[in-house]
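Architecture and fold: a report
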Amino acid sequence: MRTLEEVRATLQIAKLKEEDLQKTIHCLSFGPNVSSADYCLMELDDTLCKHIEAGQSLVIRGDKDEHAVVCSDDKTYSLKIADTSNLLLFLPGCRTPDQLTDTEDSSHVVHAQIWGFCNSYWELRKQRPRLKKLKRLLMENPYEGPALGGQQENTENRYTMQDLLERIQASEEEIRTHLETIHACQIDGYWRVLDFDYEMKLLGHVTQLVDSESWAFSRVPLQTSLDELAPLEPREMIEHCLNCYGKRYTENDEVFYALNEDKVCWGIALMLLHNAVKFNLKEFQEVWQQSIPEGMSTRLDQLKGIVLLDRTSRPETICLLRVEDLPEDTVERFNHLFTLREKWTEEDITPYIQDLCGEKQTTGALLTKYARSSMQNGIKVFNSRRPVAT
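Residues numbered from 1 in each chain as written. Predicted model: local features only at pLDDT ≥ 70, side-chain atom pairs only at ≥ 80, totals over all residues. Heavy atoms only, no water.

An unreviewed UniProt entry lists the protein chain under the name Sister chromatid cohesion protein DCC1, with Pundamilia nyererei given as the organism. In its Sequence similarities (unreviewed entry) section, UniProt records this for the protein chain: "Belongs to the DCC1 family." (UniProt positions renumbered as here; feature names shortened; annotations may be inferred.)

Shown next, in the form of structure tokens:
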């Protein structure tokens, strides 16, 4: 234990003036069995600090073949080791200058024991959740409707929310939001995505009922719909379909749904393009308009992010290309897009890269970084910065 006299002698050797320093002098010493492997440090921003101080937790997620991420209740962060040239010491009870309230006129020594040390720390950066795996897991056993008489339902590869939290690198809120986006629902405690043909069958039942009853699309009564369609499909599946393609509201204690024109047109377009490699654009638009319920109107901008138009071919064509089927990694995404098409207009490529934008990042910034622009027939187009293998 150093004495005040020893400290003053050290200051004299270092040519430091005692009056220029704090009155409280910390004298550090290593505790027994101190090791750099005893502790890990993690750098938190203000949001995460408040999260921890409020008694909430952070969870590290990732399979053995994945880079670990840290998740709060509603956000996902990348987790990387950052090295520092300075030795970081763990000193329980040690106080910083702003925490000191020196009332003594003379200097005094406070002895503090080092519990551990480190020369690196975990650095957290907010990132997009990795959700592509979620649908892949649920598609291992899609729900095709209630088992018919004598048949047994496949009970393999079914996942509860806890199962998904252990497998998916995203926060619970981000997972729940994506489950809603992909029209998943909970059946017997397990999250299931509907088989595509079964989902379209449900949508067909709903739209045909609306047509036959001459209801306004903005006023579809829930109870009557369930009563009418109950002989065909489970009531909870009909209600789930209404939730996917409409908005629920209550009027005079009765529940109604307002069907969303864009979502209904989107679903029927997917059905028409599902098994087609390419479709004559003009013919597709005619069939599409004929296939939707009377009173609704189709527009190509309803299909942004799920179809690719080729205006240069004769005749013009349309094919299915969904954002959710593209790679999650930014470089891989751009490579894949430029493999599909050598040059893209900004209007065509934007729906396929919008989800890659981080906070305060624009699609223009992404294109500047990962693509090269040029003019073609007076139109700005983008191509790859490097040769793309075809």
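That shown, we press on.
1. Thoughts on the overall build of the protein chain
Regarding its fold elements, the protein chain presents 13 helices and 18 strands. Taking 21 Å as the expected radius of gyration for a compact globule of 390 residues, we find that the protein chain reaches 30 Å, considerably beyond that expectation. Oriented by its inertia axes, the alpha-carbon framework of the protein chain measures out at about 95 × 60 × 45 Å. Sorting the 390 residues of the protein chain into buried and exposed places 38% on the buried side. Nonlocal contacts in the protein chain, meaning residues at least 24 apart in sequence, comprise 63% of its contacts between residues at least 6 apart. Surface accessibility of the protein chain: about 23,900 Å² in total, with carbon and sulfur atoms responsible for 47%. (Helix = DSSP H or I, 4+ residues; strand = E, 2+ residues; numbered from the N terminus. Rg over C-alpha atoms; globule rule 2.2 N^0.38 Å. Buried < 20%, exposed > 50% of the residue type's maximum accessible area, 1.4 Å probe, protein only. Contact = heavy atoms within 4.5 Å. Areas by Shrake-Rupley, 256 points an atom, 1.4 Å probe, with all protein chains shown as cover.)

2. Thoughts on the packing of helix α6 (residues 196-213) against helix α7 (residues 222-229)
At a closest axis distance of 11 Å, the pairing of α6 and α7 adopts a crossing angle of 110°. By the angle between their axes, α6 is roughly perpendicular relative to α7. Listed contacts from α7 to His205, Val206, Leu209 and Glu213 of α6 are Ser225, Glu228 and Leu229. For the contact of α6 with α7, the class distribution of residues is three nonpolar, two polar and two charged. (Axes fitted to C-alpha atoms, helices over the stretch in contact; angles between N-to-C directions. Parallel < 35°, antiparallel > 145°, perpendicular 65-115°, else oblique. Nonpolar A, V, L, I, M, F, W, Y, C, P; charged D, E, K, R; others polar.)

3. Examining the packing of α6 against helix α9 (residues 261-273)
Between α6 and α9, whose axes approach to 11 Å, the crossing angle comes to 135°. It follows that α6 is oblique to α9 by the angle criterion. As for how α6 packs across α9, the hand of that crossing is left-handed. In contact with Phe196, Met200, Leu203 and Thr207 of α6, α9 contributes Val264, Gly267, Ile268, Leu270 and Met271. When the residues that make up the contact of α6 with α9 are grouped by side-chain class, the tally is seven nonpolar, two polar and no charged. (Left-handed = near helix turned anticlockwise from the far one by under 90°.)

4. A short note on α6
The end-to-end C-alpha distance of α6, which contains 18 residues, comes to 26 Å, matching closely the 26 Å that a straight helix rising 1.5 Å per residue would cover. Each element contacted by the buried residues of α6 is listed here: β10 (220-221), α7, α8 (235-245), β12 (254-259) and α9. Here α6 starts with a cap whose side-chain oxygen sits 3.2 Å from the backbone nitrogen of Asp197, and that cap is Asp195. Directly beyond the C-terminal end of α6, a positive phi value near 55° is found at Ser214. (Expected span 1.5 Å × (residues − 1). Polar contact = N/O pair within 3.5 Å; in protein donor to acceptor, adjacent residues only side chain to side chain.)

5. Focus: the nonpolar core
Among the nonpolar cores identified, the biggest contains 43 residues, and Met237, Leu242, Leu259, Phe284, Trp288, Leu303 and Ile318 are the most heavily contacted of them. Contributions of two or more residues to this core are made by β8 (184-187), α6, α7, α8, β12, α9, α10 (281-291) and β14 (307-310). Residue contributions to this core peak at eight residues, all from α6. Beyond its immediate sequence surroundings of up to four residues, Leu259 is in contact with Val206, Val210, Phe217, Val220, Leu242, Tyr245, Gly246 and Met296. One finds Leu326, Trp344, Cys357 and Phe382 within the second-largest nonpolar core, a separate group that totals 19 residues. (Core = buried A, V, L, I, M, F, W, Y, C linked by side-chain atoms within 4.5 Å.)

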